[in-house]
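# Coordinates in review
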Amino acid sequence: MCGAALAASGRRYCSNACRQLAYRTRRSPGGEPVRPDGFVGRHNELSQVQQAFEVYRLVTLTGPGGVGKTRLGREALRHITGSRAAPVVEVDLAVVAGDDRLVAQSFAAALGLPERHGMTLVESMIDALNKSRVLLFVDNCEHVVEPCAVLVDTLLRRCPRLRVLTTSREVLDVTGEFVLRLGGLPVPESVAPGALKGSDAVRLFVDRAEGFELTQENAPHVVAVCTALDGNPLAIELAARQIPALAVEAVHERLVDRFDLIAGRDTAPRRQRSLSDAISWSYELLSPAERTALARLSVLTGQFDLETATAVCADETLPADEVLGLVRRLQSTSLLVSGADTGTYRLLETIRRYGKERLREKGETDATWDRLATWLAGLLELCVEQPVWFPMETHRRLVAQADNLYAAARHATGDVDRQTVLSIAIVRIWMFQGQFAESQEYLRAALARTASPRLRCVLLGYAGCLSTLQGDLAAATSAMEECLAIGQAADDVPSLLDGHYTMAFVQVANQRLDVATRHYAEALALARGLDDAEAVAMVLDRMAWKALVEGNLDEAERLVRQALPVFLQPSPPHGAGFALHNAGSIALARGDADEAEKHFRTALTVVTPDSIEVSFVLDGLGMVAARRDEPKPAMRFFLAAASMRGLRFFNEPTWRRQVATSFSDARRTVGQSGADDITEEMVDLVCEDMITLALHAADTGTGEPLDDDERAIVTLTLAGLTNRQIALRRGISPSTVSARLRSIRGKLAVDSRAEIAAWAQENIASQSPLSQAM
């Protein structure tokens with residue numbers, strides 16, 4: 001991320017700070033497309049959105065495709081959040097692809113919310129949104145406008161601090177909705193210099209046309225192009241991107257010829273027709289191979305990388321080694337935009353819909369979906385064949401492909417086994433997001449259509465885990481009994497290993513430790529028989545946890561030490577966070593808080609930042625702080641863990657009691673007022689803030705030097721700025737400022753903001769001018 005050299009250990013990032021930067025980049029906001037060009041015009045509309053939020057809690061930007069609703073929304077939010085410091089959560093409904101059932105899930109996934117015990121997904125969102133200040137940006141509502149309107153209305157009625165900005169071609173028609181209808185950018189009425197300078201449409205054309213300079217000679221052609229395109233920003237951008245390949249006079253001439261050709265037969269509204277014709281005109285300027293690639297890429301939703309693009313584009317007519325060049329050409333014409341991650345791309349929704357129509361006309365829709373489904377299923381083939389463990393890197397790839405998985409599974413109905421494999425991936429993603437009810441429903445449907453013994457055993461393994469997490473141990477036991485019966489009948493070792501491993505997990509939850517011991521012994525023998533190091537480590541780790549539950553610390557430590565090397569390798573299996581949590585818990589039980597902290601903090605460097613594992617690690621760090629008689633940090637960790645966890649995921653009762661006792665003790669020590677202050681402080685923390693807190697809060701008085709970001713924050717503190725003002729200057733959230741200030745207090749061994757300012761006066765003020773931090 002920062003350009004620093006990586007160590008030879010195979011780490012993906014040079015430091016935790018760089019890792020967090022990468023994570024924030026992926027999430028900012030909603031993984032929006034990166035555009036090197038600036039925002040042009042719309043000053044009146046920007047002001048109207050800002051003013052509307054002074055009165056209304058729901059603002060909808062509406063207008064035809066390509067008019068710039070999303071870009072205006074993001075630009076408006078950049079100004080609004082800068083002044084109000086409310087974190088923005090983006091929900092992109094374009095990826096829902098018309099499936100009404102996924103609307104609430106999309107909201108919950110964007111908010112990072114799992115299910116909560118005894119609550120529906122909507123109730124979980126209401127509960128969380130009432131504890132935080134959030135501004136929701138809901139993009140592309142038009143194809144699911146009814147379920148979206150119902151959900152937004154419910155959230156606004158039940159969450160008084162919530163505000164929502166939506167974009168849609170159709171208004172939501174919700175009580176209290178402020179609607180801002182967008183048209184094209186203003187075009188000049190003449191080619192006088194003053195009129196040209198004041199025209200947003202002309203400014204946009206000039207800004208997007210590479211190497212183009214507006215002159216009195218070419219100005220009439222620019223104005224004519226903008227006028228013909230009704231000032232539609234996307235249409236103007238597509239036309240401008242043809243320069244310098246075409247002169248502006250040629251752009252004008254070709255547009256006029258095309259419009260004259262279709263004027264007598266097209267009954268669509270003129271503004272919609274101008275955009276469609278601009279896209280069509282750009283499409284027709286492409287080579288046959290480029291047209292084919294654009295049409296085939298239209299099946300992909302959200303961001304995608306070159307490997308995914310190759311999977312859907314390449315066949316006997318289009319060689320795989322040509323796809324990169326085609327993608328770059330499409331990007332250069334603005335038909336494809338770069339994603340937030342380097343090397344990723346995205347089709348704007350308007351162009352994607354156009355591409356799907358061209359794909360249908362070519363008769364290639366089914367074949368393209370088939371290539372996508374086959375490729376995605378291939379990613380999972382090894383994971384389905386092997387028992388117990390799952391490569392963490394594969395899980396990350398699946399999460400990145402989640403939107404395409406949903407769509408591909410709906411189109412893979414002709415191949416039941418392939419559809420089942422895709423369903424397994426979807427269940428896995430939802431399960432790690434804590435969306436258990438939807439996962440169970442999906443599992444039941446998959447089991448009803450699946451006859452393959454191996455695939456049924458994989459599905460039953462997930463069903464057993466999910467039922468255990470939901471507290472239905474009878475259903476979990478039944479699922480695993482069926483899995484073991486299938487494995488025995490087929491003499492299938494991977495299925496038997498899955499069955500014994502998960503059955504042991506179920507029986508530990510059921511407090512039947514003797515039964516769990518037998519199943520773990522069977523699983524360990526099978527894993528060793530397969531010579532599968534990862535599977536052996538998974539079993540040993542869970543056996544260590546059971547030994548800890550039984551109070552056998554020597555055995556627990558022996559087992560976890562055997563397992564840990566596998567979880568600390570550069571490409572670990574899933575569960576690395578739980579294994580390190582296990583090691584930290586054993587150290588805590590031995591009274592070694594330093595060793596426990598080391599394991600818990602290491603866990604945060606190997607898990608996916610929004611994984612459910614993080615909540616257990618934060619609980620562990622809270623226990624460490626409690627053991628050290630540090631009640632305030634302990635409370636912060638416990639509150640952060642509770643906020644992330646939502647549903648009470650399975651954990652051994654003794655550990656839960658220890659956490660509850662430590663939290664109660666810490667709360668009693670800091671008093672009601674102190675507890676209220678800490679709770680309020682934690683309200684706006686998002687996932688990356690919690691990890692930053694965990695990675696830095698324990699650096700108490702170490703004398704570790706401040707990094708550049710911390711020094712800038714210290715300098716602004718010296719200048720008397722508040723956390724919100726610092727956040728505005730630095731382009732971060734106030735909660736991140738709070739987390740960084742806690743890290744600074746720990747490094748400097750000071751207790752207050754005044755002491756930080758005093759330190760800055762002595763150590764920074766004379767060395768670094770305030771302007772450097774501004």
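Reading the values: the criteria
- Residues numbered from 1 in each chain as written.
- Predicted model: local features only at pLDDT ≥ 70, side-chain atom pairs only at ≥ 80, totals over all residues.
- Heavy atoms only, no water.
- Pairing = 2+ DSSP bridges.
- Helix = DSSP H or I, 4+ residues; strand = E, 2+ residues; numbered from the N terminus.
- Axes fitted to C-alpha atoms, helices over the stretch in contact; angles between N-to-C directions.
- Contact = heavy atoms within 4.5 Å.
- Buried < 20%, exposed > 50% of the residue type's maximum accessible area, 1.4 Å probe, protein only.
- Core = buried A, V, L, I, M, F, W, Y, C linked by side-chain atoms within 4.5 Å.
- Phe/Tyr/Trp six-rings, centres within 6.5 Å; stacked < 30°, edge-to-face > 60°.
- Lys NZ or Arg CZ within 6 Å of the ring centre and 35° of its normal.
- Right-handed = clockwise from strand over helix to strand, strands pointing away.
- Disulfide = S-S within 2.5 Å.
- pLDDT = per-residue confidence, 0-100.

## Let's talk about the sheet that holds strand β2 (residues 88–92)
The strand order across the open sheet formed by five strands is β2-β3-β4-β1-β5, and the pairing between neighbours is parallel. Edge strands, defined here as strands with exactly one partner in the open sheet, are β2 and β5 (177–181). On average, each strand axis in the sheet is inclined to that of its neighbour by 15°, with strand direction left out of account. Two strands pair when backbone bridges link them, and strand β1 (residues 58–62) and strand β4 (residues 163–168) are joined in this way by five bridges, in the parallel orientation. The partner of Thr60 across the bridge, within β4, is Thr166. Here helix α4 (residues 102–111) sits on the sheet in contact with β2 and β3 (135–139), set at roughly 145° to β2.

## With respect to the pairing of β3
Where burial is concerned, most of β3 is hidden: five out of the five residues are buried. Of the two faces of β3, the one carrying Leu135, Phe137 and Asp139 and the one carrying Leu136 and Val138 are both buried. The sheet contact formed by β2 and β3 spans five bridges and is parallel. Following the sheet pairing, Asp92 is matched in β3 by Asp139. One ladder, built from four bridges, connects β3 with β4; its direction is parallel. Considered in β4, the bridge of Leu135 is made with Arg163.

## Remarks on the nonpolar core
Among the nonpolar cores identified, the biggest contains 180 residues, and Phe107, Leu136 and Leu297 are the most heavily contacted of them. The leading source of residues in this core is helix α26 (residues 533–550), at 12 residues. Not counting the four nearest positions on each side in its chain, Leu136 is found in contact with Val89, Val91, Phe107, Leu111, Leu155, Leu162, Arg163, Val164 and Leu165. Core analysis: the second largest hydrophobic core is formed by 26 residues, Leu185, Leu196, Phe205 and Leu246 among them.

## Structural notes on helix α9 (residues 219–228)
Listing the buried residues of α9 in full gives Ala219, Val222, Val223, Val225, Cys226 and Ala228. Directly after α9, the chain includes Asp230, whose backbone phi takes a positive value near 55°.

## Re the sheet that holds strand β7 (residues 337–338)
If you trace the three strands from one edge of the open sheet to the other, you get β6-β8-β7, paired in antiparallel fashion. Edge positions in the sheet fall to β6 (304–305) and β7, since each of these pairs with one other strand and no more. Pairing analysis gives two bridges linking β7 to strand β8 (residues 344–346), with the strands arranged antiparallel. For Val337, the partnering residue across the bridge sits in β8 and is Arg346.

## Focus on the packing of aromatic side chains
Scanning all chains against the criterion turns up nine aromatic pairs. Geometrically, the ring pair formed by Trp430 and Tyr442 is edge-to-face, given 5.1 Å between the ring centres and 70° between the ring planes. With Trp430 in helix α20 (residues 416–432) and Tyr442 in helix α21 (residues 436–449), the pair connects residues that are 12 residues apart, well separated along the chain. With a relative accessible area of 24%, Tyr442 lands in the partly exposed category. Here Tyr501 and Tyr520 contribute two aromatic rings whose centre-to-centre distance is 6.4 Å and whose plane-to-plane angle is 70°, an arrangement assigned as edge-to-face. A residue pair is termed long-range when its members are at least 10 positions apart, and Tyr501 in helix α24 (residues 493–509) and Tyr520 in helix α25 (residues 513–529) qualify at 19 residues. By the burial criterion, Tyr501 is buried, and Tyr520 matches it. Taken together, the ring pairs in this structure connect Tyr406, Trp430 and Tyr442 into an aromatic cluster. When the ring centre of Phe53 is taken as reference, the NZ or CZ atom of Arg163 above it lies at 5.2 Å.

## Observations regarding the pairing of β4
Taking burial as the measure, the six residues of β4 include six buried ones, the bulk of the element. Side chains Arg163, Leu165 and Thr167 of β4 all project onto a buried face; the interleaved residues Val164, Thr166 and Ser168 project onto the opposite face, where all are buried too. The parallel pair β3 and β4, bridged by helix α6 (residues 145–158), forms a crossover whose chirality is right-handed.

## What about the environment of Arg558?
Inspection of the secondary structure assignment puts Arg558 in helix α27 (residues 553–567). Spatially, the C-alpha atoms of Arg558 and Ala544 are 7.8 Å apart, while their sequence positions differ by 14 residues.

## Overview of the state of the cysteines
Applying the stated rule across the entire model yields zero disulfides. Free cysteine: Cys141, not disulfide-bonded; nearest cysteine sulfur from Cys148 at 3.6 Å.

## Some words on the confidence of the model for the protein chain
For the protein chain, mean pLDDT is 79; residues scoring 70 or higher make up 81% of the total. Every residue in residues 260–272 is under pLDDT 50, and counting partners more than four places away or in other chains gives 11 contacts. Below a pLDDT of 50 lies the segment residues 698–702, which in the model reaches 12 contacts outside its immediate sequence neighbourhood of four places, other chains included.

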